[in-house]
Amino acid sequence: MRTGLTLVAAKQDAGREQGVWRRRFVGVLTELAIWLPLSVSAGHVVLFTAWTTWVSFTASSLMPDYTWVGLRNYWAVTRTANFQIAYVNLVIFGFGFVLLTMALGLLLAILLDQRVRGENVLRTIFLYPLAVSFVVTGTVWSWLLNPGLGLQRVVQNLGWQDFRFDWLVQSDKAIYTLIFAGVWQGAGFAMALFLAGLRSVDADLVKAAQIDGAGPWRMYRRVLLPTIWPIFITVFVILLRSAITSFDLVRALTGGGPGISTMLPTLVVYDFMFQRSELGRGSAAAVLMLLSLVVVMAPYGLYVRWQRQRQARA
Amino acid sequence: MKWTRVIVYAALIILALLFLVPLGIVVVNSLRSSREIAATSLIGWPSHLIFANYGQAWNRFCMAEHCWGIEPYMLNSLTLAIPATIISTLLGALAGYSISLWRFRGDQFVFGLVTLGIFLPEQMKLIPWVVVLRELSLMNTIAGLILIHTVQGMSFTTLFCRNYYVGIPQDLLKAARIDGAGFFRIFWRIILPLSPPILIVTVIFQFTGIWNEFLYGVTFTSGGQQPVTAALIALSAAITSEPIYGEQSAAVLIAALPTLLVYLFGGRYFLRGLTAGAVK
């Protein structure tokens, strides 16, 4: 009898022990599932940033070489013609691209907001460039703008022999072809955000303005657009960000040329790192790019936080 | 119809045509012979329709010393984009779930770091990735690109899923835990079945992003290992001496087709992902 009881107890003990181990195992597995992906993801952001920043202060050339050289890479990079042209271009391209994309996007949004038929089809058309790689669209634009094959040739074939449209191969005009292709690609995105904004405006507000006798022009200028001004800031920042980081478009359309006339900061980084094999200088150029992004994004981040706090208080 | 309506429609139709011009020209040129294009211009109707360009572009024409068309590069892009999309989406769902519902000390801080990855330009990660890929002997492999896109993609997928899961009431989780369900069972039985709307958005966003990506492809792979975006650039650089615009147009169209189809059939979700990824 007694032996039987102890046997049962022992069995229970063993069962409990098994349960404990099982639970421990599941517990470890849970911790792993939580922490492994998150630490890899968060870790790569922090570590890689620190790593590249560190390399930018070292004598690395073809291979990483962790001899400290202070700001030497930064001085060297900022003195190159590539770098200086790239940042002048960034200002031209950045503002041209951002402002024109916003203008065209807003125009499209307002046009589509007039309760038109076939809105879905039109929206699909205005947005499709975003679904396609810049490599594809850049290649196509490079053909159309190619004076020997594209628009210039077509017009000349039609009889206007003196017609010139060769901006792609003119070093002082090629940057505008980038703006043009960029606007074509990005306008749909701006349109989508503006349209969503216009549609979200309080219907009562619109009705009140209509009762006051506001025509469509006044309605947009005085009521709708001022109400959605936060969207303007959002679109502006997003587009400026994509201008600073744009690489595929310029690579496919001009490749930085003619000469180095359409250099952009991303191309400078790539050129230093992989064509000249100067990892230290390439990293310095990358850090400078990151800094220019921070200059744009930091005020926006603060603004978003301020707005959230204001909403929380309201 | 009032004249303002006429103006609205006219403007919309003209703009829509302008947006369609590049696509239309590529489609038409893919049906013309390269000789005809070189003799006239890139813009014109075909004198007679030619479908041979597609066959040439797919697996016959030569680029960079190989005469295998873009087929191998398309397959590279597929074997890259599909696994990377699935893995990064699942990991993002898991991470989003642990941050928003399971909760742990410092979850918001970790989330902040992960989403900083969206903002960090790729140029800051190139050298570390070169070193990491070399250490893992994944340089010039599709597996290496899958690793990169999975790690990077988690910034977006975690953000998407977390923002969606925040809307799930915490009480649901509490009830499940009282019933004895653990981390995995809750994820599998409760969270994932609630997730399809956000998973579709995430998958579409990731797939188009990875398919269209160019910088990593051109930096970390070469020759026959390249995804199709990188190969297309190599192609247009290689054939300036002997232009074959007909075949090239067909190649460009084939390369653009997967994301175009995804966009046409999942446009709503595509846009949602685009705005969700951008607004953060």
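Reading the values: rules and limits
- Residues numbered from 1 in each chain as written.
- Chains lettered and ligands numbered in written order.
- Predicted model: local features only at pLDDT ≥ 70, side-chain atom pairs only at ≥ 80, totals over all residues.
- Helix = DSSP H or I, 4+ residues; strand = E, 2+ residues; numbered from the N terminus.
- Rg over C-alpha atoms; globule rule 2.2 N^0.38 Å.
- Buried ≥ 20, exposed ≤ 12 C-beta atoms within 10 Å, placed from the backbone.
- Domains from an automatic or database assignment.
- Contact = placed C-beta atoms within 7 Å.
- Nonpolar A, V, L, I, M, F, W, Y, C, P; charged D, E, K, R; others polar.
- Axes fitted to C-alpha atoms, helices over the stretch in contact; angles between N-to-C directions.
- Parallel < 35°, antiparallel > 145°, perpendicular 65-115°, else oblique.
- Left-handed = near helix turned anticlockwise from the far one by under 90°.
- Core = buried A, V, L, I, M, F, W, Y, C linked by C-beta atoms within 7 Å.

Here's the deal with the overall build of chain A
Point 1. Secondary structure assignment for chain A yields 13 helices and zero strands.
Point 2. The secondary structure elements of chain A, listed N-terminal to C-terminal, are α-α-α-α-α-α-α-α-α-α-α-α-α.
Point 3. For 314 residues, the compact-globule estimate of 2.2 N^0.38 gives 20 Å, and chain A exceeds it by more than 25% at 29 Å.
Point 4. Along the first, second and third principal axes, the C-alpha atoms of chain A reach 115 × 70 × 40 Å.
Point 5. Residues counted as buried form 40% of the 314 residues belonging to chain A.

As for the environment of Thr221(B)
Residue and element names in this part refer to chain B.
Point 1. Topologically, Thr 221 is positioned in the loop between helix H11 (215-220) and helix H12 (228-238).
Point 2. Overall, the presence of 21 C-beta atoms within 10 Å leaves Thr 221 in the buried class.
Point 3. Sequence separation between Thr 221 and Asn 140 is 81 residues; the distance between their C-alpha atoms is 4.1 Å.

A few points about the domain arrangement of chain B
Interface size, as often reported, equals the accessible area lost upon joining of the parts.
Residue and element names in this part refer to chain B.
Point 1. Domain parsing of chain B yields domain 1 (3-59) and domain 2 (71-279).
Point 2. One C-alpha centre belongs to domain 1, the other to domain 2; they are set 32 Å apart.
Point 3. At the junction of the two partners, domain 1 supplies 16 residues and domain 2 supplies twelve residues.
Point 4. Contributing elements (two or more residues each) for the side of domain 1 that touches domain 2: helix H1 (3-29), helix H2 (34-39) and helix H3 (52-59).
Point 5. In terms of residue count, the dominant contributor to the side of domain 1 that touches domain 2 is H3 (six residues).
Point 6. Here the side of domain 1 that touches domain 2 is built from residues that sort into eight nonpolar, seven polar and one charged.

Regarding the packing of helix H7 (residues 174-200) of chain A against helix H10 (residues 229-244) of chain A
All names here are of chain A.
Point 1. Look at H7 against H10: their axes get within 10 Å of each other, and the N-to-C directions meet at 160°. Considering their axes alone, H7 and H10 lie roughly antiparallel with respect to each other. H7 and H10 meet at a crossing whose hand is right-handed. Seen from H7, the contacting residues are Gly 186, Ala 190, Leu 193, Phe 194 and Gly 197; seen from H10, they are Ile 231, Thr 234, Val 235 and Leu 239.
Point 2. For the contact of H7 with H10, a count of residues per class yields six nonpolar, three polar and no charged.

Thoughts on the nonpolar core
Point 1. Counting 161 residues, the largest nonpolar core has Ala190(A) and Ala285(A) as its most contacted members.
Point 2. Taken domain by domain, this core gets at least three of its residues from each of domain 1 (3-59) and domain 2 (71-279) of chain B.
Point 3. Among all residues touching Ala190(A), those that are not within four sequence positions of it are Thr101(A), Met102(A), Gly105(A), Leu106(A), Val235(A) and Leu239(A).

A word on helix H8 (residues 170-178) of chain B
Point 1. Little of H8(B) is tucked away, with zero of its nine residues classed as buried.
Point 2. Backbone geometry just after H8(B) places Gly180(B) at a positive phi near 95°.

Notes on helix H12 (residues 265-275) of chain A
Point 1. Burial runs high along H12(A): nine of the eleven residues are buried.
Point 2. Three or more residues of H12(A) are buried, namely Pro265(A), Thr266(A), Leu267(A), Val268(A), Val269(A), Tyr270(A), Asp271(A), Phe272(A) and Met273(A).
Point 3. Those residues of H12(A) that are buried are in contact with helix H3 (81-112), H10, helix H11 (248-253) and helix H13 (279-313) of chain A together with helix H6 (126-135) of chain B.
Point 4. Two residues or fewer after H12(A) comes Ser277(A), characterised by a positive phi angle close to 55°.

Some points on the packing of H10(A) against H13(A)
All names here are of chain A.
Point 1. Orientation of H10 relative to H13, taken along the N-to-C sense of each, is 160°, at an axis distance of 10 Å. Considered as vectors, H10 and H13 are oriented roughly antiparallel to each other. H10 and H13 meet at a crossing whose hand is left-handed. Residue-level inspection shows Pro 230, Ile 233, Val 237, Leu 240, Arg 241 and Ile 244 of H10 in contact with H13, the latter providing Met 289, Ser 292, Leu 293, Val 296, Met 297, Tyr 300, Tyr 303 and Gln 307.
Point 2. Counted by class, the contact of H10 with H13 contains eleven nonpolar, two polar and one charged residues.

As for unusual backbone geometry
Negative phi characterises most residues that are not glycine, and trans characterises most peptide bonds.
All names here are of chain A.
Point 1. Of note in the backbone geometry, Arg 115 takes a positive phi value of approximately 50° without being a glycine.
Point 2. Position of Arg 115 relative to the elements: it lies in the loop between H3 and helix H4 (119-131).
Point 3. The phi angle at Ser 277 is positive, at roughly 55°, despite the residue not being glycine.
Point 4. Its location among the elements puts Ser 277 in the loop between H12 and H13.
Point 5. Ser 277 sits in the partly exposed class, given 13 other C-beta atoms within 10 Å.

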